[in-house]
Each structure stands twice: as structure tokens, then as C-alpha cells.
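Here is what each chain is made of, one letter per residue.
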Amino acid sequence: MTRKIDIFDTTLRDGEQSPGASMNTEEKLVIARKLLQLNVDVIEAGFPISSPGDFESVRRIADLAGDHATVCALTRAVEKDIDAAADALRYAKRPRIHTGIGVSKSHIYDKLRIDEATCIERAVKAVKYARNYCEDVEFYAEDAGRSDYEFLAQVIEAVIKAGATVVNIPDTTGYSLPDEFGRRIKFLMDNVDGIQNAKISVHCHNDLGMATALSLAGVANGARQIECTINGLGERAGNTAMEEVVMGIRMHGEELDAHTDVNTREFVRASRLVSSITGLSVQVNKAIVGANAFAHSSGIHQDGVLKKRDTYEIIDPAEVGAGQSQIVLTARSGHAALRHRLEELGYEFEGKELDQVYEAFLNLADRKKEVYDEDLESLINERDRNENAVYTLEAVQISCGFPLTPTATVTLRNAADQVVTVCECGTGPIDAAYKAVDKIVQVDNDLTDFVVQSVTRGIDALGEVTIRVTAPDGEVFTGRGSDGDIVVSSTRAYLNALNRLISSKQAAR
Ligand code: KIV
Ligand code: ZN
């Protein structure tokens, strides 16, 4: 039997650090449900001291996970952070506190402004303090990828003695080359006294596009846990993509002496879910989950694949959930079929809520021949976006064409239930609609990105608009909207981004 490699998912923590990817607690719970379906070993649910929302997410995800996965909360090597993490994990069946400190010269001298001895002292103190609350304590040696080998070994030895059960060796800046990173892990395996008492974890960023290769090099040299995210979301260029490392291990299990327990058939659904919640699209040529990952275009390739699939395909698409869905949803489908499909997508609805979703589904099914998974995800997201929204769209009407001046009449309802209608002209219909929204909402922002794509195939496909706005303080907010009419999708997307901006500023007050 090969070594079991633990999969530690950090989509809800490091992934959420992608600009514009912030999620509310309900959205995090939907993703956590999908992570449980994927059968990951550890869910890093948040950084509880950072905000009441993160605290609440960790608490509720711990409750949801029960004993199906370890739930982990991040802290700095600071007592008040550890207290907050322990509090958020109070009722978790399998809690883990993840604490740590920077260990490279740059982090020690330039960021923390301390010396090496103090760094070790703080690390040991934090681990001991966390162990008072929790038997499972993971220590991260931030920027380990650029640290001195001997010093890193000293820190790791000290924290294992202090009670760390997992030691995380992050390449925080994505600087390393795979060979060198592998040597670093081997150095720790060979030179740290007591290394057999802890698991080595790797947490690699993708700044040079090598996060997957780095993580696998870590595994080849002794790591037994990989930290990763769905779609490779994460700070800057992102983190290691779960779907890539897990399939890498599956393809090369014997050479790596490794396997995982992940349910790979959920990868494509998980990818779409995370993309639709965060508003961050997946590039079409993304490995494993991109729209083109199993598409063969050249005649020579098509001929080969038709003769025998593995001439040009190393993975059976069904293994990662890239096959077509089996149940075709149409206007004739009932509650049971809809609920079954929604559950497979990671959503749970009962009673009145299910009735509401069913009604919206029928509405859509009347306009479309078939309702695909992507349509359902859009429909649920549209519904979630409207819940708790500060402004909701009541109506948008456009007049445009040659030689008319594009004019939009927009009606919004605010949280106090007041309805306001405004009419504005613009350079095009969307510009006119946005000007009308601005006139009502009056929030300073810069529109920095605007992308329209069709959610599914065919002329009747929903058009989904993703936009990004930047607040005056530089914070970025993503908005998404979908509808058969792209002016309506665009207006919804803009309103969704402004609602997020307003709510976040109100919460910070
Ligand atoms: O990249 C990093 O070093 C991290 C740590 C907080 C684990 O995200
Ligand atoms: Zn990270």
C-alpha cells in the first residue's frame, strides 16, 4: 500500500485572499459541503481573529463537518489570535489550530523586525499555547521556501518538541524550483530530530507557475500533506490547484509512493461552484477542469482518440466529473429530480425554499429547452445575490438603436423598501443603465473589469456578466449577474458588486 497523502483544502482561507474573491458565510458553507463530498481530509475554514464573518464561518463549518473532516483555523503566533481560533473551534469534533511565523531573513528582519532567537521563542510559545486548547496543532514556517536550511531545521525541531503535530513548509512567494524544494523537504526529513513525530505539509504558491510541481516534489521527498485550493485560487498568482495535485498523484502513485482519498468525480462540479460563487472564471485551457481539458481539435488527434481514447488522453473525463450529466432537466421535471441534481451540485433545499427554487427553475425551463448544471448554479447564485442585498433590481428598460440616444430607465428597491426610478442616457445601453444605477446608489467606485460569457450552449443560453469595481480605498469587489438578456445581466452584476461594496463598508464601521 502506498502512503496516504492528506489533502488540506484552503479555498476558504488562502483562496479567499484572491482579490475580489471574498465570500459570505452562506457561500462558504455551500463550498464546505462540496469539500465534504470531495472527501478532503482538512478544511481550513478561515482566520477567526480577522473578522466576525470569518469567526462565524469557522464555527458553522466545524458544526457542518462533524467528524467527516478536520476543521482548521489560522492564527498568527499571537495569543489573542489563538484564543479566537479556539473559541471558533469550540464545538468542532476534529479541530486543528494552524499557527506560525515568518522564518526567512526577509520576514524576520524586515517584516517582524526581530532576531532569529526571538523567532524560535515566539514559535515555540505559540505552539505550546495552542496545545492547551487542542491536540492537533499545525505550525507554518512562513516563507520557508526562501529560508536558510539550518535555521528552518532548528525552528521545525523546536516546534515539534513543543507539540506541533503537523509542520507546514510553505513556499509563500512561489520562488522555488521543484528540485530545490524537494531537497529542502529531504533535508528536514534527514536532519530534524523527532521529524517522525509530525507530518510534513507543503503549501506552495504559483508565482512561477510551478505550484503543482513544487507540491509533488515535496511529496516525493517525504511530505504527507498538501495544502491546496479548488481552481488554484489564492493570494496573487494563486495556490496549488487541488485537482492538479490529486490527479498527478493518481497518475504517478507508484513512483511517488502516494495516494489520496479524494473523490475526484466531483472536481468539475466543485470547480464550477467555486467559480460561480467567487466570480473568478476558470481559463478554458486550465488542466483537469478547464472547458477544453478534454476537447480534441486537430484531425490527427480526433482520429487517434476515436480509435483508442488513451492515444491523446491520459485521464478518462468521467474520473473527474467532466462527462455529461445524466438527468436532463426540462419544464417537465419535478421537485425530486431538481432536488437530486441540486444536492449533487452541493446545495440543500427543503420545504418552502425548495418550492421557491423550483418556481424559478420552471420559469427558466419555460424559456429554455434544457436546463444545465451551469444554469442551475446561475439561478441559485442570482437568488443568493438578491437575499440580503441593499438594493434590488425591480426593472430596467432600454431604448436604443440607430440613430437613437441610448436611454435606460432603472427602478431599484432599497433596504427600507423604498422604490426609486431614474432615467439616464449613455454612450451605449449598458453605460446608460450604469449611469442610472449610479444616480440612485451614489457610491464612489471605478469599474475595472467587465466580462460577458454565455453560461451554456445555444442561442437561448443565459448570458453571465462578471464585473469588478474598485472602491476609493483600493478594495476590489466582484459582481455577477445572469439573465437571458445581457443588459439585465449587466445591471444585476453592477448592482451585486455595489451591494457587496456597501455591505463590506457598513460591516467595517
Ligand atoms: O503562503 C503562506 O505562507 C500562508 C501561510 C499563512 C500558511 O498562506
Ligand atoms: Zn498561502
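Here the structure is a predicted model, which means the values were calculated and not measured.

## Quick look at the sheet that holds strand 6 (residues 137–142)
Inference 1: Within the closed barrel, the 8 strands sit side by side as 2-3-4-5-6-7-8-9. Their pairing is parallel. Geometrically, the sheet is characterised by an average inter-axis angle of 25 degrees between neighbouring strands, direction not taken into account.
Inference 2: Strand direction decides the pairing type here: strand 2 (residues 6–9) and strand 9 (residues 225–228), joined by 4 bridges, are parallel. Looking at strand 9, one finds that Asp 6 is bridged to Gln 225.

## Some thoughts on the side chain of Thr 229
Inference 1: Relative to the assigned elements, Thr 229 resides in the loop between strand 9 and helix 9 (242–251).
Inference 2: Apart from residues lying up to four places away in sequence, Thr 229 is in contact with Asp 9, Thr 10, Thr 11, Gly 15, Asn 239, Thr 240, Ala 241, Met 242 and Glu 243.

## Brief notes about the packing of helix 3 (residues 79–88) against helix 5 (residues 116–131)
Inference 1: Packing of helix 3 against helix 5 leaves a shortest axis separation of 10 Å and a crossing angle of 25 degrees. In terms of their interaxial angle, helix 3 and helix 5 are classed as roughly parallel. Seen from above, helix 3 lies across helix 5 with right-handed handedness. For the pair formed by helix 3 and helix 5, the contact residues are Glu 79, Ile 82 and Asp 83 on the first element and Lys 125, Ala 126, Tyr 129 and Ala 130 on the second.
Inference 2: Grouping the constituent residues of the contact of helix 3 with helix 5 by class yields 4 nonpolar, no polar and 3 charged.

## Some remarks on the site of ligand 1
Inference 1: Taken together, Arg 13, Asp 14, Tyr 140, Glu 142, Asn 168, Pro 170, Thr 172, His 203 and His 205 make up all the residues around ligand 1.
Inference 2: A distance of 2.6 Å is found between an oxygen atom of ligand 1 and a side-chain nitrogen or oxygen belonging to Thr 172.
Inference 3: Here an oxygen atom of ligand 1 and a side-chain polar atom of His 203 are 3.1 Å apart.
Inference 4: Counting residues per element, the ones that place at least two in the shell around ligand 1 are strand 6 and strand 7 (166–171).
Inference 5: Taken together, the residues of the shell around ligand 1 sort by class into 2 nonpolar, 4 polar and 3 charged.

Rules and cut-offs
All residue numbers here refer to positions counted from 1 along the written sequence of the relevant chain. Lettering of chains starts at A and numbering of ligands starts at 1, both following the order in which they are written. Since the coordinates come from a predicted model, pLDDT governs what is reported: local features require at least 70, and pairs of side-chain atoms require 80 or more to be given and counted, while whole-chain, interface and lining totals use all residues. Neither water nor hydrogens contribute to the side-chain values; these are computed over all heavy atoms in the structure. In this scheme, strands are said to pair when DSSP sees at least two bridges between them. Secondary structure elements follow DSSP: runs of H or I of four or more residues count as helices, runs of E of two or more count as strands, with numbering from the N terminus. What counts as an axis is a line fitted to C-alpha atoms, over the stretch in contact for a helix, and the angles between N-to-C directions run from 0 to 180 degrees. In this analysis, two residues are considered to be in contact whenever any of their non-hydrogen atoms come within 4.5 Å of each other. Should an angle fall under 35 degrees it is taken as roughly parallel, and over 145 as roughly antiparallel, whereas 65 to 115 is taken as roughly perpendicular and any remaining angle as oblique. Should the near helix be turned anticlockwise from the far one by less than a right angle, the crossing is left-handed, and should it be turned clockwise, the crossing is right-handed. Basically, the charged four are Asp, Glu, Lys and Arg, the nonpolar ten are Ala, Val, Leu, Ile, Met, Phe, Trp, Tyr, Cys and Pro, and anything else, Gly included, counts as polar. The nearness test applies per residue and asks whether one of its heavy atoms lies within 4 Å of the molecule or strand. Within 3.5 Å is the distance limit for a polar contact, defined as a pair of N or O atoms, with the added protein rule that one can donate a hydrogen and the other accept it, and that residues adjacent in sequence qualify only through two side-chain atoms.

In short, geometric facts, not functional conclusions.
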